[in-house]
Amino acid sequence: FQDQPIPQVGGVRRCRPQEEKERTKLRERQRRAITAKILAGLRRHGNYNLRVRADINDVIAALAREAGWVVLPDGTTFPSRSQGTKPIAGAATVVVSSTLSQLPAESGSPVSLGGGGISPVYRNTVDYNATHSKTPFVPTSSSQASGMMGDGAELPNDSLLGGSVDTVDDKQVVDMPAKLLERDFSGTPFVPVFVMLPVRAVVNKKCELADPDGLVRQLSILRSMNVDGIVVDCWWGIVEAHAPHDYNWNGYKMLFQIVREMKMKIQAVMSFHECGTNVGDDAFVPLPHWVAEIGQRNPDIFFTDRAGRRNPECLSWGVDKERVLGGRTAVEVYFDYMRSFRIEFHDYFENGIISMVVIGLGPRGELRYPSNPVKHGWRFPGIGEFQCYDRYLLKSLQRAAETRGHSFWGRGPENGGSYNSAPHETGFFCDGGDYDGHYGRFFLGWYSGVLLDHADRILSLARLVFGETRIVAKLPGIHWWYKTASHAAELTAGYNNSCNRDGYGAAMAVLKKHGTSALLFPNGEMDFSEEESLADPDGLAWQVTNCGWDSEVEMVLESSLPSNGGGYGYLVEKAKPLGHPDGKHFSSFTFLRLNPLVIMERHNLNEFESFVRKMHG
């Protein structure tokens, strides 16, 4: 076949399909690199209010709005201003159908101009345009719409709304002050707001309160803004640091006493993982010393990649039922720790001060494999690697293969690439790759099954320990390569969520079984191009959220990094989706890590206080 001449059509020499593919890939990489540089320059030097995950469409929309055009969320674009316009702060534009505006309010029309009201749907549309444009515009005495209708045409005015009405393509364009048209959150469901305390500034490695006076000052400010409570990591590596069953809760006792005097609530996180090796970590907290000593003698208690590199960030789920920790299994160690916490702070549970307990289920407390460790060279947007090569998990895989009747399947994939590979560079994750073959489906089913079995065991014991107290499991936000068929980064993390499967339904079933809420979920930690990583964080959030609600699992929202104030409106809209047919909303919000800028800067403090009011309805 290779010796055959290259086909010609109409005397023109055609490239082989493989050559065409390679040239297309090269052009696409060059285009994405240029796009990334344009976006970075506009964010840094152009003062454009672009979200972190902005793509080229956002840039075009921002430029169009700056030129005085109206750009709707669905991309519809039309002129609305003349050359003689002038910028006026606080103005916004809403587009309503001229036929609908004439209907009476009781007819079910979405808009009733005569009644002076406007539906939340159009408030939301106005809010989008107001917050995504650099400088809103309103028309002067003349407008571009009058030119469309002919010379001398008079435009109607609505004195009640305080703005003018233009007509464009059989629609009315109403210029209205943004203050009037903002979505009104009064009467919306109450969503409590909690702030997670930073690791470094709370309890040190001796389990002593690091800065009591500073903590009291910051908590006083949060309390004055009606923040409902705080979230604090209760580190296994601090409390049971030196010997098995030797628990030291002294620092947490002092902290909880301060919070109680402030009349605030507490969300306690059972943190069974290492801190200090991931984005956003501000301190280093290893696993207990006695666990590290056992790991030196038996490194298979830690997750292991194909090259044999160990990851001491958390214990492998292969030792959940193996008595390798001083005569105890990992599950027994977790159970004893949670029981000690419940006994030590019994009064706080009885009085409702501890309102929620987040159960650590993996790296960063999330229910996933540590498939993308920075310490092993992973960098965004690498697909990561499978973490199933310690002898306990390999033994489990071999048993599963023998049960299936294919003992040679008792091994990990050999063509899964490396930490920083892209899906199309591997034989396992590429389109039509082995992930969707007989062996691939078997392996991924076993791999995700181990994750779910681990969650099932730990959550059942947590429910036994904490009784009626609300318990929460944290889900990851592995959104890169979401737009590919294989969803490779999710597969290596343990979620079998390829394009023809729902990888989150089974996890929600486990959570519902134990009456557990789902914490959704750290994302947006990296400045990235969606085009380069084929990421879709909003699409993933939509899938997981609706999967949880369909499974009757309560959802808790968490912001991934300390906000500078620009993302508050987005977070409120996420927490309280507009127009959900069943009125679904997130039941709680967690602000991930206390940011000094929020406390010290007056502008940020006002923004945050307004955010809390909207969350409270």
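As named in an unreviewed UniProt entry, the chain is Beta-amylase, taken from Genlisea aurea. According to its UniProt record, the chain has this under Catalytic activity (unreviewed entry): "Hydrolysis of (1->4)-alpha-D-glucosidic linkages in polysaccharides so as to remove successive maltose units from the non-reducing ends of the chains."

A closer look at the overall build of the chain
When helices and strands are tallied, the chain shows 20 helices and 22 strands. The buried share among the 617 residues of the chain stands at 53%. Of the contacts made within the chain by residues no fewer than 6 positions apart, 74% connect residues no fewer than 24 positions apart. As presented, the chain carries roughly 28,100 Å² of accessible surface, and 51% of it is formed by carbon and sulfur atoms.

Topic: the sheet that holds strand 22 (residues 588-591)
As summarised here, the arrangement of the 8 strands in space is 13-14-15-18-19-20-21-22, forming a closed barrel in which the pairing is parallel. On average, each strand axis in the sheet is tilted by 30° relative to the strand beside it, whichever way the strands run. In this sheet, strand 15 (residues 265-271) lies alongside strand 14 (residues 229-235) in parallel orientation, the contact comprising 7 bridges. Across the sheet, the residue bridging to Asp233 is Val269, located in strand 15. The strands touched by helix 13 (residues 438-466) are strand 15, strand 18 (354-359), strand 19 (470-474) and strand 20 (516-520); relative to strand 18, the strand with the most contacts, the crossing angle is about 160°.

Describing the pairing of strand 21 (residues 555-559)
The buried fraction of strand 21 is high, at 5 of 5 residues. As defined by bridge partners, strand 21 adjoins strand 22 across 4 bridges and the pair is classed as parallel. If you follow Leu557 over to strand 22, its bridge partner there is Phe589.

Section: the environment of Arg309
Tracing the backbone through its elements, the reader meets Arg309 in the loop between strand 16 (302-304) and strand 17 (310-315). Among all residues touching Arg309, those that are not within four sequence positions of it are Phe303, Thr304, His376, Glu385 and Tyr419.

Focus on the confidence of the model for the chain
Looking at the chain as a whole, its pLDDT mean stands at 79, while 74% of the residues score no less than 70. Confidence over residues 6-15 falls short of pLDDT 50; this stretch has 10 contacts with residues more than four positions distant or in other chains.

Some remarks on the side chain of Thr188
Of note, Thr188 is situated in the loop between helix 5 (178-181) and strand 13 (193-196). Once residues lying within four places of it in the same chain are set aside, the contact partners of Thr188 are Lys576, Lys614, His616 and Gly617.

Looking at the nonpolar core
Counting residues in each nonpolar core, the largest one holds 139 residues, and the members touching the most others are Tyr252, Phe256, Met270, Phe341, Ile359, Phe466 and Phe608. With 16 residues, helix 13 is the single largest residue contributor to this core. What Phe256 contacts, discounting residues up to four positions off in sequence, is Val232, Cys234, Ile266, Phe341, Phe345, Tyr348 and Ile354.

With respect to helix 2 (residues 56-66)
Within the span of helix 2, buried status applies to Asp58, Val59, Ala61, Ala62, Ala64 and Arg65. Backbone geometry just after helix 2 places Gly68 at a positive phi near 95°.

A word on the UniProt feature "active site" (unreviewed entry) in the chain
According to UniProt, the "active site" (unreviewed entry) feature falls on Glu366 and Glu558. With the annotated positions falling across 193 residues, the maximum pairwise C-alpha distance of 12.6 Å places them together in a single cluster. By secondary structure assignment, the location of Glu366 is in the loop between strand 18 and helix 12 (391-404). Owing to a relative accessible area of 4%, Glu366 belongs among the buried residues under this scheme. The residue Glu558 is located in strand 21 in this model.

What to know about the packing of aromatic side chains
As enumerated under the stated definition, the model contains 45 aromatic pairs in all. Aromatic pair Trp236 and Trp290: ring centres 6.3 Å apart, planes at 85°, arrangement edge-to-face. Of this pair, Trp236 sits in helix 7 (residues 236-239) while Trp290 sits in helix 9 (residues 289-297), and the two are 54 residues apart along the sequence. For Trp236, a relative accessible area of 0% gives the class buried.

Topic: the packing of helix 10 (residues 330-344) against helix 13
Two quantities define a packed helix pair, namely the angle between the axes and the distance from one axis to the other. Here helix 10 crosses helix 13 at 25°, and the two axes come no closer than 10 Å. The orientation of helix 10 relative to helix 13 falls into the category roughly parallel. Judged by the sense of rotation from one axis to the other, the crossing of helix 10 with helix 13 is right-handed. Seen from helix 10, the contacting residues are Val331, Tyr334, Phe335, Met338, Arg339, Phe341 and Arg342; seen from helix 13, they are His454, Arg457, Ile458, Leu461, Ala462, Leu464, Val465 and Phe466. Looking at the contact of helix 10 with helix 13, its residues break down into 11 nonpolar, 1 polar and 3 charged.

Conventions we followed
Residues numbered from 1 in each chain as written. Predicted model: local features only at pLDDT ≥ 70, side-chain atom pairs only at ≥ 80, totals over all residues. Heavy atoms only, no water. UniProt positions renumbered as here; feature names shortened; annotations may be inferred. Helix = DSSP H or I, 4+ residues; strand = E, 2+ residues; numbered from the N terminus. Buried < 20%, exposed > 50% of the residue type's maximum accessible area, 1.4 Å probe, protein only. Contact = heavy atoms within 4.5 Å. Areas by Shrake-Rupley, 256 points an atom, 1.4 Å probe, with all protein chains shown as cover. Pairing = 2+ DSSP bridges. Axes fitted to C-alpha atoms, helices over the stretch in contact; angles between N-to-C directions. pLDDT = per-residue confidence, 0-100. Core = buried A, V, L, I, M, F, W, Y, C linked by side-chain atoms within 4.5 Å. Phe/Tyr/Trp six-rings, centres within 6.5 Å; stacked < 30°, edge-to-face > 60°. Parallel < 35°, antiparallel > 145°, perpendicular 65-115°, else oblique. Left-handed = near helix turned anticlockwise from the far one by under 90°. Nonpolar A, V, L, I, M, F, W, Y, C, P; charged D, E, K, R; others polar.

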